[in-house]
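Chain by chain, the residues run as shown.
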Amino acid sequence: MGTMHQLVHLDGISLQRKTIIGLVELTLQARKSKLKTVKVNCKQCKIYKVTINNTEASFSYYDPAMEITDAEHPNNQYSLDQFAVHHRNAVLECDPDAGGGEIVIRIPPELSHIVDEGRRFTVAMEYSLENPQSGMHFFVPEDQTGLERAHMFTTRHENSSRLWFPCIDSYSEVCTWDLEFKVEENLVAVSCGDLVETVQETGRLKTYHYYVSTPTAAPNIGLAVGPFEIYVDPNMHEVVHFCLPGLMNLLRWTSRFTHEIFEYYEDLLATRFPYSSFKSIYVHEAAEEMTSYSSMCILDTNLLHTSAIIDQTYETRRFTALSLAEQFYSCYISMQHTSDAWLSKGISNYLCGLYLKKFFGNNEYRHWIHSELQEVLKFEQQYGGVILDPSLLDKSATAGSTGIGNLCSNSNNSLQQVPRPSHTPSEGGDGDFYFSLVNPQTVSPLYLRILAKKAHLTIRMLEHRIGNQLLLQVLNKQLSLASIYITPGANPTSPMLISTASFTRAIFTVTGKDMTVFMDQWVRQGGHVKFHMSFIFNRKRNTVELELKQECLQQLGIRKYVGPLTVALQELDGTFKHVLQIEGTHAKADIVCHSKSRRQKKKKIPLCTGEEVDMDLSAMDADSPVLWIRLDPDMTLIRAVDTRQPDFQWQYQLRHERDVTAQVEAIWALEAYPNQQSRMALTDLIENEQAFYKVRCEACYLLFYLENASIPDEFATAKTLILTNFYVTMFICCIANLMVSTWSGPPAMLPIFRKLFGSFSCPQIVKQNDFSNLQHYFLLKTIPVAMASLRNVHGICPVEVHKFLIDLFKYNDNSRNRFSDNYYRAALVASLGNTVTPVVSLLQPGSDITAESLSSDTRTIMEEISRCLNLEKMLQCYKYTVTVECLKALRKLQKFGHLPNHVELFKDYACYGQFHDVRLSALEAFVDYTKTDGKLDDVEYLLDIIENDPNPKMRHDLSRLIVHCLSEKTADRRSKTKLPFHNKAIALRLWKKMNYDLNIDARLRCDLVDLYFTLFGTRKPVCLLDESQQHLADEITSRRKSPLTIREDVDYKPDIVEEIVEIEQPKITPARVLSSKRESMASDNSAELPDALDSSLPTSFEPDMFRTEKEIEVESTEREVKERHRSETKVEPKDGEAEAAESASSHKKHSHHHSKAKKKKEKKKKHKHKHHKHKHAHEHKKKVKEETLSSGSSAIYLSVANNLLRVI
């Protein structure tokens, strides 16, 4: 069925009642004869009447997504394995690309000849929509007199236009459109296409008529209605901006550069903008920051800003550039199938990146590419390979997927990455997922976000293979063909759709290069490459002997690579690039150096940019001309690189390499070399005004790390820039860092800060704020945050750092600065939060925390945070950034025991009506509290927000926040089943919600599927098992996770257990009190074992506790025999009979002893490898055992220990 034209007429739009009444007319043409029914996509709408060519037709409605699994079915296992299959089938049943639809219209018999003849016919449908759950959002504030005004707009998660009007909801069905909207006189209706006319109706109504002459798919049709103010771009009259009342000044400043983006894209692609006009609308409570439609885009009002705001400028310009890029490749040239979405996402992000490269600089662009690469690598290594085009996957295997990245499906270990024994990841890295990849409405939102980033990186890989100009020619050719074929009388479908196959053919036509192998390797397969590189310098041959390894190919997301690879050597005479051909998992290459060692003569060294610099070569080998080496410097592959070279080469690379990605990699590598030379290199980089500001900021964090106590890698590595998060300092000061005792002088970065920002007459006082130098502005925000995480050898923030931060609050003066300091003040509040460490309580158990019980430093922090929080209520700053950080700092004070653990404050800030970022920060603190100390009511409160909050963005963000918090590694060694989220009521509520209540909101359904998997895995949750099954499961888990087997950094990998075997429990005898000698051997740091062990068990290792009963019995008998024999030599027997009897008894015992010893010797010889270690230990303990424990008590401990080890 092909769609030729469609009319959408809405004449009953009511903002107060949140309803619309409309009529749609679809002009269709059958593509095959003997068609009996017409299937149309439509959800949450009430259909009143359907006619075909003015003849009423019967219809039926069926949405299989309303009930994914049968709740009353006896085989309902409440498992995601089962859910994924049914979810995929339900979505595919109504997939328009497969000819499906929710509404089935039966063609009247009298009209069947029209269909058979291939003539066009019109299907008209009258419908209404009331209080939509998704697809269309009505924002109706309680106070209509304020700045916020009622308005409505459409939202989109992939193809979801069916949620507000009946259509063929497919990207491949493009047609022309007539759009008519009747609204109140004071409202403005903005939609796609050109505004043809505005008709004034009776009764204070008017009708807006839009016509879309360019064939467009239904998912690219949008609408916004509200009391918008209109601003026509003075530099380009075809561009019109709309905003709500009171925001016009912000709109003028934000949109001042829009015409530059238009001009750049038109020059880059050598073609005109595909539409005759463009409209941008800023609305409240947008589901996403930016949503593109044909010739229009809907953006969030939070993207608007004034000229005084610095930080928001980068984000706003990036979203605006992306919205215009998607007009070319997403709206104008659409995808042919959902599996081709990677092309529209990748090309639009590629065009946006080129704009950012020109207007923000090459450093900003490369740093952005590098950060996206790291996100993709992290996701794939954790979950599995991202497949851009899943069309060739085995659909049955995809639907029956088992878990994201083969994570363990056991609910007790659902957060551990445990591969299933029955599945081995393929060499290509295609991981199995607990959702289907065949349709975007079944895919995790996190997966879709990473897919867009990987698609962008893949387009960049194509650029390096065929060249920038040739790739632009390919894009220009597609746009030109599309503009030709939209002329009247031509076929409007083929050139306006893009697919992986058609894009490959276009590349071959323009360049003559066949990229089929590339598409098979990087598009139709998932995963990335991981190289381990090491090298040595051969003095005799003047060559670098390079060794490359591709290991861990069986790990998630890792795949094998065969092809060319670039290696860049920085030598004394310049930078030289070499292309190696990788043919296997282990490759060696000898690279001849162009430079000779320079022992005496010294001259400037040329860099890759052509610049010549002086270097101090005293640290390097006098015979080697190699300064440093890099692998794939241009990021032409989606790869992870582990380079091994000495610390001085990393320091040279950090100081003198001009590529920002090389500097970032050097900073990460220097984390492993905490010495004075690394400190000096980082200090020089921070003070270097020519260095990129983001690299300087990252160097600040690493410099704090080198001085600080060590922190677990997942929180404190210099690779993580989000050090303002309160999880960073959770486990700080585990052990003293190597440089804590050797660090001399004031704390790190304090002299640098005073040198850059201190007053001339008094460096201890900060200057008045002047943010005209953007590099200094970002350093001014970063250095206090990094310094606040410093700790001394006692694990406490130094006093001088605390005083330094308080002085920054005291002397902060923004009176003469033309820029706002709200982000700077927020960074200072975050710095105060980072100084907080766990409290050493001196209170009596059960006593309340009062202001008098707080330390002086904590009291000062509380006073400053309270002052900032109260001041924010009277003088609000941009986006309430200070309030957001104050809430995070308060939660940190609670978590570390400085404040009572009450969350009513966070509930107040999480209420609907507060600013979105403030609500999200308060909910983040509430989720963290619920995770550690919460109850079932707290979980119910969070789920109520997810289900009933009026803001769709908040429902989505809170779901992702809970998943993120529950997926983090913490020091809490409680079983996951002990958390309040692991509850039967919660499991049933989530299962019901994602199965039966979210057929409208596909994105939120996928969010809850992610949450369900994070909590319970892919199999049936333990809390839903029968009592007998749950008892057995808990027993097995307790035995496998015995406290004697738990290690801090060891992930337990359970085996598949087909049958539960009962093990006889040992008979436990109360242990005797330890002797004074044993108590004196206890360590000062000793602690009690976990409560899981019985109190009657031994609390430490005893002599002979690991010896068998037979060994102790034999030795005891032998000792008695020796004592009797010794007494016989000294004391004479009284009579001969007694002597004979004793001799017979002694002979019998000796005979019994030799028999048992012989059997024991044969048994030891047979199982020598099992008892080899115990054998040597027992020989050393023979003398000790007689002085410590008797044979009876030792046998008691021995029996208990052996039975415990047997259970473990």
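Residues numbered from 1 in each chain as written. Predicted model: local features only at pLDDT ≥ 70, side-chain atom pairs only at ≥ 80, totals over all residues. Heavy atoms only, no water.

A. Layout of the overall build of the protein chain. From N to C terminus, the protein chain includes 35 helices and 31 strands. Considering only contacts in the protein chain between residues 6 or more positions apart, those separated by 24 or more positions represent 73%. (Helix = DSSP H or I, 4+ residues; strand = E, 2+ residues; numbered from the N terminus. Contact = heavy atoms within 4.5 Å.)

B. Looking closely at the sheet that holds strand S15 (residues 223-226). The 4 strands are arranged S9-S10-S15-S12 in an open sheet whose pairing can be described as antiparallel. Each having just a single partner strand, strand S9 (136-139) and strand S12 (188-191) make up the two edges of the open sheet. The mean inter-strand angle of the sheet, taken between neighbouring strand axes irrespective of direction, is 10°. Bridge analysis of S9 against strand S10 (residues 151-154) gives 4 bridges, and the strand direction is antiparallel. (Pairing = 2+ DSSP bridges. Axes fitted to C-alpha atoms, helices over the stretch in contact; angles between N-to-C directions.)

C. Representation of the packing of aromatic side chains. Within this structure, the stated rule accounts for 40 aromatic pairs. Ring geometry for phenylalanine 435 and tyrosine 447: centres 5.7 Å apart, planes at 70°, overall edge-to-face. Remark: tyrosine 447 occurs in helix H9 (residues 445-466) and phenylalanine 435 occurs in the loop between helix H8 (395-399) and H9; sequence separation between them is 12 residues. Judged on exposure class, the residue phenylalanine 435 and its partner tyrosine 447 are both buried. Centre to centre, the rings of phenylalanine 531 and tyrosine 561 are 6.3 Å apart; their planes meet at 90°, and the pair counts as edge-to-face. Separated by 30 residues along the polypeptide, phenylalanine 531 in strand S23 (residues 529-538) and tyrosine 561 in the loop between strand S24 (543-549) and strand S25 (563-571) bring together distant segments of the chain. Taken together through their ring pairs, the aromatic side chains of Phe262, Tyr264, Tyr265, Phe273, Tyr275, Phe278, Phe328, Tyr332, Tyr355 and Phe359 make up a single cluster. Lying over the aromatic face of tryptophan 522, arginine 559 brings its terminal NZ or CZ to 5.1 Å of the ring centre. (Phe/Tyr/Trp six-rings, centres within 6.5 Å; stacked < 30°, edge-to-face > 60°. Buried < 20%, exposed > 50% of the residue type's maximum accessible area, 1.4 Å probe, protein only. Lys NZ or Arg CZ within 6 Å of the ring centre and 35° of its normal.)

D. Broad picture of helix H19 (residues 774-787). Its 14 residues place the ends of H19 20 Å apart at the C-alpha level, agreeing with the 20 Å of an ideal helix rising 1.5 Å per residue. Within H19, 13 of the 14 residues are buried, which leaves it mostly tucked inside the rest of the structure. Capping of H19 at its N-terminal end is provided by asparagine 773; its side-chain oxygen lies 3.1 Å from the backbone amide nitrogen of glutamine 775. (Expected span 1.5 Å × (residues − 1). Polar contact = N/O pair within 3.5 Å; in protein donor to acceptor, adjacent residues only side chain to side chain.)

E. Layout of the sheet that holds strand S4 (residues 46-52). Sheet architecture is open: 8 strands sit in the order S5-S4-S8-S2-S1-S11-S14-S13, paired in mixed fashion. Edge positions in the sheet fall to strand S5 (55-56) and strand S13 (194-201), since each has one partner strand and no second.

F. Seen up close, the environment of valine 85. When you line up the elements, valine 85 lands in helix H1 (residues 80-93). As a C-alpha pair, valine 85 and threonine 69 span 16 residues in sequence and 9.5 Å in three-dimensional space.

G. Representation of the nonpolar core. Core analysis: the biggest nonpolar cluster contains 295 residues, and Ile105, Phe165, Tyr265, Leu351, Tyr447 and Phe503 have the highest contact counts within it. A per-element tally of this core places H9 first, with 10 residues. If you look at the next biggest cluster of nonpolar residues, it comprises 10 residues, including Leu572, Ile605, Trp628 and Phe648. (Core = buried A, V, L, I, M, F, W, Y, C linked by side-chain atoms within 4.5 Å.)

H. The arrangement of the packing of helix H4 (residues 258-269) against helix H5 (residues 311-332) in detail. Axis separation between H4 and H5 bottoms out at 10 Å; the angle between their running directions is 40°. As summarised for this structure, H4 and H5 are arranged oblique, according to the angle between their axes. The handedness of the crossing between H4 and H5 is right-handed. On H5, the residues that touch Thr258, Ile261, Phe262, Tyr265 and Leu269 of H4 are Thr320, Ala321, Leu324, Ala325 and Phe328. (Parallel < 35°, antiparallel > 145°, perpendicular 65-115°, else oblique. Left-handed = near helix turned anticlockwise from the far one by under 90°.)

I. Spatial organisation of a nonpolar patch on the surface. A cluster of nonpolar residues, Leu481, Ile484 and Tyr485, forms a patch on the protein surface that exposes about 270 Å² of accessible area. Note on placement: isoleucine 484 falls in helix H10 (residues 468-485). (Patch = residues over 30% accessible without salt bridge, like charges linked within 9 Å, V, L, I, M, F, W, Y side chains within 5 Å. Areas by Shrake-Rupley, 256 points an atom, 1.4 Å probe, with all protein chains shown as cover. Salt bridge = Lys/Arg side-chain N within 4 Å of Asp/Glu carboxyl O.)

J. Seen up close, the environment of tyrosine 211. Here tyrosine 211 shows up in strand S14 (residues 205-217). The partly exposed category is assigned to tyrosine 211, whose relative accessible area is 32%. The spacing of tyrosine 211 and leucine 7 is 204 residues in sequence and 9.5 Å in space, taken between C-alpha atoms. Excluding its chain neighbours within four sequence positions, the residues that come into contact with tyrosine 211 are His5, Thr176, Trp177, Asp178, Gly193, Asp194 and Val196.

K. Representation of the state of the cysteines. Evaluated as defined, the whole model comprises 0 disulfides. Just so you know, cysteine 331 is unpaired, no disulfide at all, and the nearest cysteine sulfur is the one on cysteine 192, 7.8 Å from it. (Disulfide = S-S within 2.5 Å.)

L. Representation of unusual backbone geometry. Despite not being glycine, glutamate 285 shows a phi value in the positive range, around 60°. Positionally, glutamate 285 belongs in the loop between strand S18 (278-283) and strand S19 (290-293). Although it is not a glycine, tyrosine 880 adopts a positive phi angle of roughly 50°. If you trace the backbone, tyrosine 880 turns up in the loop between helix H22 (856-874) and helix H23 (881-895).

M. Helix H25 (residues 916-933), seen in detail. Taking 1.5 Å as the rise per residue, H25 with 18 residues should run 26 Å; its terminal C-alpha atoms sit 25 Å apart, in good agreement. Within H25, 14 of the 18 residues are buried, leaving the element largely enclosed by the surrounding structure.

N. Representation of the packing of helix H7 (residues 362-383) against helix H14 (residues 660-670) in the model. Close contact between H7 and H14 brings their axes to 8 Å; oriented N to C, the two are set at 50°. It follows that H7 is oblique to H14 by the angle criterion. Of the residues in H14, those in contact with Asn363, Arg366, His367, His370 and Gln374 of H7 are Val660, Thr661, Val664, Glu665 and Trp668. When grouped by side-chain class, the residues that make up the contact of H7 with H14 number 3 nonpolar, 5 polar and 2 charged. (Nonpolar A, V, L, I, M, F, W, Y, C, P; charged D, E, K, R; others polar.)

O. Summary view of the pairing of S4. Bridge analysis of S4 against strand S8 (residues 120-130) gives 6 bridges, and the strand direction is antiparallel. Each residue of the ladder has a partner; that of isoleucine 52, found in S8, is valine 123. Here 2 bridges tie S4 to S5, and the two strands are oriented antiparallel to one another. The residue of S5 that forms the bridge with threonine 51 is glutamate 56.

P. Molecular detail of the environment of arginine 859. Position of arginine 859 among the secondary structure elements: in helix H22. A residue is classified by how much of its surface remains accessible, and arginine 859, at 30% relative accessible area, is partly exposed. As a C-alpha pair, arginine 859 and histidine 898 span 39 residues in sequence and 9.3 Å in three-dimensional space.

All we've got here are geometric facts, nothing functional implied.
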